[in-house]
Every structure is written in structure tokens, then in C-alpha cells.
Amino acid sequence: MGEMAFVNGRFLPLAGASVSIEDRGFQFGDGVYEVIRTYRGRPFMLHAHLARLNRSAEAIGLRQPYSLERWTGYMEEGVRLAAFTESKIYVQITRGVAPRDHAYAPQLEPTVVMTIRELHPLSPAVQTAGVDAITLDDIRWGRCDIKSLNLLPNVLARQQAKEAGAFEAILVKNGEVTEGSVSNVIIVDNRTLMTAPEGPRILSGVTREVVLRLARQEGLEVHEQYPSREKLFGAPEVFLTGTTVEVLPVVRIDGKPIGSGEPGPVTRQLAKRFMQQTG
Ligand SMILES: Cc1ncc(COP(=O)(O)O)c(C=O)c1O
């Protein structure tokens, strides 16, 4: 059927879907979201994504209107109606519609929106060759663990990366690497992975969690501590994790080669192990 939307319990073609201009998501970014992809037509790590959606909603005092079972049913129905080979599911819950005022009434009815579009994966050539990144100051707020609609710093960072001919912006706060604008950042040195710890300064990625588990199973050590800027540039391997980027090697940062300038063996091994999980 093609691109689908879901608005407050009703499915309709995406092109005809709309919400009020007084929605607080539109006016304040007052809401939370998730992005989930399918592998072989099935939403991947759905429970982890829905658990994070609940945590995000709770953290901003937003009533999450549906149970896990109901969400699962809606997503399966949306994927079936859209009928793409692989789908990208976007879910957004906002505080609802009200005349513009920063403060809100507690009984507002949340607006629940979902879109189902065709997933266009990164080309195998890009996955194999790796990507360029730039570094930028992490100017975001102190609750990056909430997957909030307020993405302006991420938007500006990703755009700066794009204009520099790079794929991702790696964010650095006080000399410490936090994450990317749309991904988590993991560095590899001597069969040890280092990545920022879970907490308010990063979005705790579902893919990050899967990859760290696989790494431990492979006998790699995992240090959840902030890599310094120097460590990032000196690392033999750096890679990104995320729902749409999967495990993506970074081969140049700010124009300087990482390691040999080609994806390293640990990154390739983890990328392979990750793909095995998705089938
Ligand atoms: C800022 C940020 N960090 C990390 C991630 C990766 O999270 P996940 O693996 O759950 O997609 C994302 C994904 O959108 C993100 O926006």
C-alpha cells in the first residue's frame, strides 16, 4: 500500500495525515520519539525500543497511552499495511494540543503519531569502506538520555557534517567524546572497546547495547568510560552504532585517517556478528 501513518489510533496513507498546528510537539518540541527498523519484515529489538519510549515519556511526565502489547499490534499492522520489504517505523508522542503556553494542563490528551516508510539501508559499499566524521562541540542539554523531539543541536551538527562532506558529527564535551549526532561512538584499541557510559550525557542506544553484549561474548573487554579526544584520534579503530547505521566503521575524522584509514578487524568482526543477530 505504500507509506502509512497512524494518528491517534487510526491508520491512513501518510500523504493525507496531519495534526493540529497547536500541537505542543510542533510548537515546543514537547514530546518523545523512537525509530525502529525491521529485518525480514519484523521490528528489531522492539521491546528495548518500547522500554526506552516508556522511560523517555516518564522522564518528561508524559502519559504513554498504549501498552506494550497494543504498540506491538499497531506496529505489526502498520508494517503489514505498508507492505515494504523492510520498513522504518517512526513513533512520536507529544503532550497534545492546547493554546500556546509553556506550562501545560496535566489532563491533556497526548498526540500519538507513527509513520511507516520504506527503509533504505546504507549501501554495502559504504558499510564496507567506512565513513568520514568531523568533531564538534557537544552543546546539547543535560538530559540526552531522553529521546526528546528537541533535536536542534543534533540537526545543526549533522548538517555541518554533511556540508563538510562527512557522514557524522562526533560530539565532544570538555575533551570527552560523548556520541554522534545520530549514533553512538565506540573506539577499539587492543581488543578493548571504549565508549561513553550510559547516563544523562548520551542516548543509550539499543544497537550499542546489542553490540557491547556481542563484544563481551567475543571475549573483548568493554570499558564504559568517556574516550578523550586524543584517544579518539589515536585509536586504531572507531565505529558508530545505531538503528539505521548498524555497525559503521569511521575511517577518517576531521580529515585525519583512523588507524590504517580502512575499517579494522574488530569492527568488521562485530559488524558481521551484528548482522547474524538480525536474521
Ligand atoms: C543521539 C543518538 N545517539 C545514539 C543513537 C543510536 O540509538 P539506537 O541504536 O537505539 O538507534 C541515536 C539514534 O537515533 C541518536 O539519535
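Residues numbered from 1 in each chain as written. Predicted model: local features only at pLDDT ≥ 70, side-chain atom pairs only at ≥ 80, totals over all residues. Heavy atoms only, no water.

Visitor: If you had to explain the overall build of the protein to someone new, which residues and values would you point to?
Guide: Tallying secondary structure elements over the protein gives eight helices and 15 strands in all. Along the first, second and third principal axes, the C-alpha set of the protein runs to 55 × 40 × 35 Å. Among the 279 residues that make up the protein, the fraction classed as buried is 52%. Partitioning the intrachain contacts of the protein with sequence separation of at least 6 by distance along the chain shows that 71% fall at a separation of at least 24. Per element, the accessible surface of the protein, about 13,300 Å² overall, is 52% carbon and sulfur. Both charge centroids of the protein, one from 32 positive and one from 32 negative side chains, sit 2 Å from each other. (Helix = DSSP H or I, 4+ residues; strand = E, 2+ residues; numbered from the N terminus. Buried < 20%, exposed > 50% of the residue type's maximum accessible area, 1.4 Å probe, protein only. Contact = heavy atoms within 4.5 Å. Areas by Shrake-Rupley, 256 points an atom, 1.4 Å probe, with all protein chains shown as cover. Lys, Arg positive; Asp, Glu negative; His and termini not counted. Charge placed at Lys NZ, Arg CZ, Asp CG, Glu CD.)

Visitor: Break down the site of the ligand for me, with residues and values.
Guide: By nearness alone, 17 residues border the ligand, and Arg 52, Glu 179, Val 206, Thr 207 and Thr 243 come closest of all. One of the side-chain nitrogen or oxygen atoms of Glu 179 is found 2.7 Å away from a nitrogen atom of the ligand. Taking Val 206, its main chain carries an N or O atom lying 2.8 Å from an oxygen atom of the ligand. Relative to its free-state accessible area of 390 Å², the ligand is covered by the protein chains to the extent of 91%. Of all elements in the fold, only α2 (46-59), β9 (176-180), α6 (206-217) and β13 (237-242) reach the threshold of two or more residues within the shell around the ligand. Of the residues belonging to the shell around the ligand, the class tally is three nonpolar, 11 polar and three charged. (Near = heavy atom within 4 Å. Polar contact = N/O pair within 3.5 Å; in protein donor to acceptor, adjacent residues only side chain to side chain. Nonpolar A, V, L, I, M, F, W, Y, C, P; charged D, E, K, R; others polar.)

Visitor: I'd like a description of the pairing of strand β6 (residues 111-118), backed by residues and values.
Guide: Every other side chain in a regular strand lies on the same face of the sheet, so the side chains alternate between the two faces. Burial within β6 is extensive, with six of its eight residues counted as buried. Note that strand β1 (residues 4-7) and β6 share four bridges and pair antiparallel. Residue pairing for β6: Val 7 is matched across the bridge by Val 113. Taken together, the eight bridges between strand β5 (residues 87-94) and β6 define a ladder with antiparallel strand orientation. Pairing of Val 91 across the sheet is with Met 114, part of β6. (Pairing = 2+ DSSP bridges.)

Visitor: Describe the packing of aromatic side chains, and please don't skip the residues or the numbers.
Guide: One pass over the structure, following the stated rule, counts nine aromatic pairs. With centroids separated by 6.2 Å and ring planes inclined at 80 degrees, the aromatic side chains of Phe 6 and Tyr 66 adopt a geometry described as edge-to-face. Of the two residues, Phe 6 sits in strand β1 while Tyr 66 sits in the loop between α2 and α3 (68-82), which places them 60 residues apart along the sequence. Here Phe 6 and Tyr 66 have matching classes, each one buried. Looking at Arg 37, its charged tip hangs above the ring of Tyr 39, at a distance of 3.6 Å from the centre. Here the guanidinium or amino end of Arg 158 rests over the ring plane of Phe 167, the centre of that ring lying 4.8 Å away. (Phe/Tyr/Trp six-rings, centres within 6.5 Å; stacked < 30°, edge-to-face > 60°. Lys NZ or Arg CZ within 6 Å of the ring centre and 35° of its normal.)

Visitor: Describe the side chain of Thr 278, naming the residues involved and giving the relevant values.
Guide: Structurally, the position occupied by Thr 278 is in helix α8 (residues 265-278). There is a polar contact of 2.6 Å between the side chain of Thr 278 and the backbone oxygen of Met 275.

Visitor: Account for the environment of Met 114, with residues named and values stated.
Guide: Following the sequence through the fold, Met 114 ends up in strand β6. Along the primary structure Met 114 and Leu 14 are separated by 100 residues, whereas in three dimensions their C-alpha atoms are 9.4 Å apart.

Visitor: Go over the pairing of strand β12 (residues 221-224), please, and point to the residues and values.
Guide: Bridge analysis of strand β11 (residues 192-195) against β12 gives four bridges, and the strand direction is parallel. Looking at the pairing, Thr 195 lines up with Glu 224 of β12. Each parallel crossover has a hand, and for β11 linked through α6 to β12 it is right-handed. (Right-handed = clockwise from strand over helix to strand, strands pointing away.)

Visitor: Kindly report on unusual backbone geometry, identifying the contributing residues and their values.
Guide: Despite not being glycine, Asn 8 shows a phi value in the positive range, around 50 degrees. Here Arg 191, not a glycine, exhibits a phi torsion of approximately 55 degrees, which is positive.

Visitor: Help me get a handle on the pattern of salt bridges, residues and values and all.
Guide: Scanning the entire structure with this criterion turns up 15 salt bridges. Here Arg 24 ties to Asp 30 by a salt bridge, and the two come within 2.8 Å at their closest N and O atoms. Taken individually, Arg 24 and Asp 30 each receive the classification buried, so the pair is uniform in this respect. Note that Arg 52 is salt-bridged to Glu 34, the shortest N-O span being 2.7 Å. On the criterion of sequence distance, the pair formed by Arg 52 in helix α2 and Glu 34 in strand β3 (residues 31-39) is long-range, its members being 18 residues apart. The two residues Arg 52 and Glu 34 agree in class, both being buried. Salt bridges here are not isolated pairs; linked through shared partners, they connect Arg 24, Asp 30 and Arg 95. (Salt bridge = Lys/Arg side-chain N within 4 Å of Asp/Glu carboxyl O.)

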